[in-house]
Amino acid sequence: MGPHPAVAAIRLAVRRVLHDILNDHPAGRAHPAGGASCEHLDRRPDDTAERSPSPLVLVACSGGADSMALASALAFEAPKLGIRAGGITVDHGLQPGSDLRADEVVLRLRELGLDPVESVAVTVGREGGPEAAARDARYAALDAAAERHGAAAVLLGHTRDDQAETVLLGLARGSGIRSLSGMAAVSGAGGRYRRPFLHLDRQTARKACMVQSLPVWDDPHNADPAYTRSRLRHEGLPALEKALGKGVVEALARTAQLSRDDADALDAWASQAEAAVRDSAGLLECAKLYALPPAVRRRILRRAAIEAGAPAGALFARHIEEVDRLITGWRGQGAINLPGRVVAQRQGGRLVIRQG
């Protein structure tokens, strides 16, 4: 008798990602199993010892159901593929006893057989709001841990429900199609971050923990209405499902993928067009920018602002629209102030974006 369907689903999702990691890893590419197709995912390599050094994959685990399900699947699947598996938990220090909670997560990960396992304490700032600040601190800690341990990848437990919430948050910000594309299955420097569960719902992960008797921790912040995502999860999405019927989460996740495909195509177009709209000194020529489709032109402007020092997370659509008006609605207006003390202004038919 095979595993419970929920357990089988999370293991298959992780197995597929591990095969992708092997394909991307130098040692994995040299091994025939590294290029296995999906129909051969259950085949166990007989000569994994030949792969040296074995890639290390870490799981980022908060102790919640999603990440505990992910950790258990990684612990089960990685040894069969000759992959070393470890875990990282981040102590944000935002709740009393958070250090003790982190120690408990470390113990649970070790009980699953993961090694290395560590807890990393971070200091959460205030820039961008509490949720964004915590996220920035968490990813900085995960990046550092991956570098420290030489990890080939870090697995994250975001589910289809998280993806739907991210799409709605992007829609509320009005930041364009890239915001609607949600979270990528592969992201970070060199494709470091992998999200195996983007096609699985949150309930599947929780069920997998339950049938495996895995203890999970429900973060009280996830139910705190002070946080935007919490309100969306417990009030916004249920209201949408009540008004529109079931299937909203699946539709939003599908929207994310379609939006990502479109955004990637437009980004590629903008990259190719950028060289053609710069003069010999590297300045952007307003007339040539004007001739481009708005979606392409604004991508070039955004990239130029970020290169000049504007923080990507603080650069919103309204900022780029103001800069765009220097191209499309030029009436002699003055410089546009952007985040990061960056200034954009039109000078002699050229658009100059620099630190002010």
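Here we summarise the structure given alongside this text. Because the structure is predicted, anything quoted here is derived from the model rather than measured. (Residues numbered from 1 in each chain as written. Predicted model: local features only at pLDDT ≥ 70, side-chain atom pairs only at ≥ 80, totals over all residues. Heavy atoms only, no water.)

**Observations regarding helix α13 (residues 317-328)**
- In a regular helix each residue adds 1.5 Å, so twelve residues correspond to 16 Å; α13 covers 16 Å between its end C-alpha atoms and thus fits that length.
- Taken residue by residue, α13 has H319, I320, V323, D324, L326 and I327 as its buried positions. Along the axis of α13, the buried residues cluster in a sector spanning 140°; they form a single face.
- Those residues of α13 that are buried are in contact with α11 (286-290), α12 (294-307), β8 (336-338), β9 (342-347) and β10 (350-355). (Helix = DSSP H or I, 4+ residues; strand = E, 2+ residues; numbered from the N terminus. Expected span 1.5 Å × (residues − 1). Buried < 20%, exposed > 50% of the residue type's maximum accessible area, 1.4 Å probe, protein only. Arc of directions from axis to C-beta. Contact = heavy atoms within 4.5 Å.)

**Structural notes on the sheet that holds strand β2 (residues 84-91)**
- Reading across the sheet, the six strands line up as β3-β2-β1-β4-β6-β5 and stay open at both edges, with mixed pairing between neighbours. Two strands lie at the open edges of the sheet, namely β3 (117-121) and β5 (186-187), each paired on one side alone.
- Pairing of β5 with strand β6 (residues 193-194), which is carried by two bridges, proceeds in the antiparallel orientation. Across the sheet, the residue bridging to S187 is Y193, located in β6. (Pairing = 2+ DSSP bridges.)

**Structural notes on the nonpolar core**
- Residues L18, L74, L114, L155 and F197 are the most contacted members of the largest nonpolar core, which totals 37 residues.
- The set of elements that each furnish at least two residues to this core consists of α1 (5-24), β1 (56-60), α3 (65-77), α4 (98-111), β4 (153-155) and α8 (202-211).
- With nine residues, α1 is the single largest residue contributor to this core.
- In this structure, F197 is in contact with I10, A13, V14, D66, A69, L70, G157, H158, T159 and R160, ignoring residues within four places of it in sequence.
- The next biggest cluster of nonpolar side chains, apart from the first, holds 25 residues, and it includes L301, A304, A305 and L315. (Core = buried A, V, L, I, M, F, W, Y, C linked by side-chain atoms within 4.5 Å.)

**Focus: the environment of E104**
- On the secondary structure map, E104 appears in helix α4.
- Between the alpha carbons of E104 and G63 there is a distance of 8.3 Å; along the sequence they are 41 residues apart.
- At 3.0 Å, the side chain of E104 forms a polar contact with the side chain of R101. (Polar contact = N/O pair within 3.5 Å; in protein donor to acceptor, adjacent residues only side chain to side chain.)

**Notes on the state of the cysteines**
- In this structure the tally under the stated criterion is zero disulfides.
- Unpaired in terms of disulfides, C61 finds its nearest cysteine sulfur in C209, a separation of 8.7 Å. (Disulfide = S-S within 2.5 Å.)

**Remarks on α3**
- End to end, α3 covers 18 Å across 13 residues, agreeing with the expected 18 Å (1.5 Å per residue, within 8%).
- Where burial is concerned, most of α3 is hidden: twelve out of the 13 residues are buried.
- Those residues of α3 that fall on the buried side of the exposure criterion are A65, D66, S67, M68, A69, L70, A71, S72, A73, L74, A75 and E77.

**Describing the packing of aromatic side chains**
- Summed over all chains, the structure comprises one aromatic pair.
- A ring pair is formed by Y139 and Y193, whose centres lie 5.2 Å apart and whose planes are at 90°; its orientation type is edge-to-face. Residue Y139 is found in helix α5 (residues 130-149), and its partner Y193 is found in strand β6; the two are separated by 54 residues along the sequence. For the pair shown, Y139 and Y193 are each scored as buried.
- Against the face of F76 rests R11, its NZ or CZ located 3.6 Å from the ring centre. (Phe/Tyr/Trp six-rings, centres within 6.5 Å; stacked < 30°, edge-to-face > 60°. Lys NZ or Arg CZ within 6 Å of the ring centre and 35° of its normal.)

**Some words on the environment of H234**
- With respect to the helices and strands, the residue H234 is situated in helix α9 (residues 228-244).
- Between the C-alpha atom of H234 and that of I353, which follows or precedes it by 119 residues, the distance is 42 Å.
- Residues in contact with H234, not counting those within four places in the same chain, are N222 and A223.
- Here the side chain of H234 touches N222 through a polar contact of 2.9 Å, landing on its backbone oxygen.

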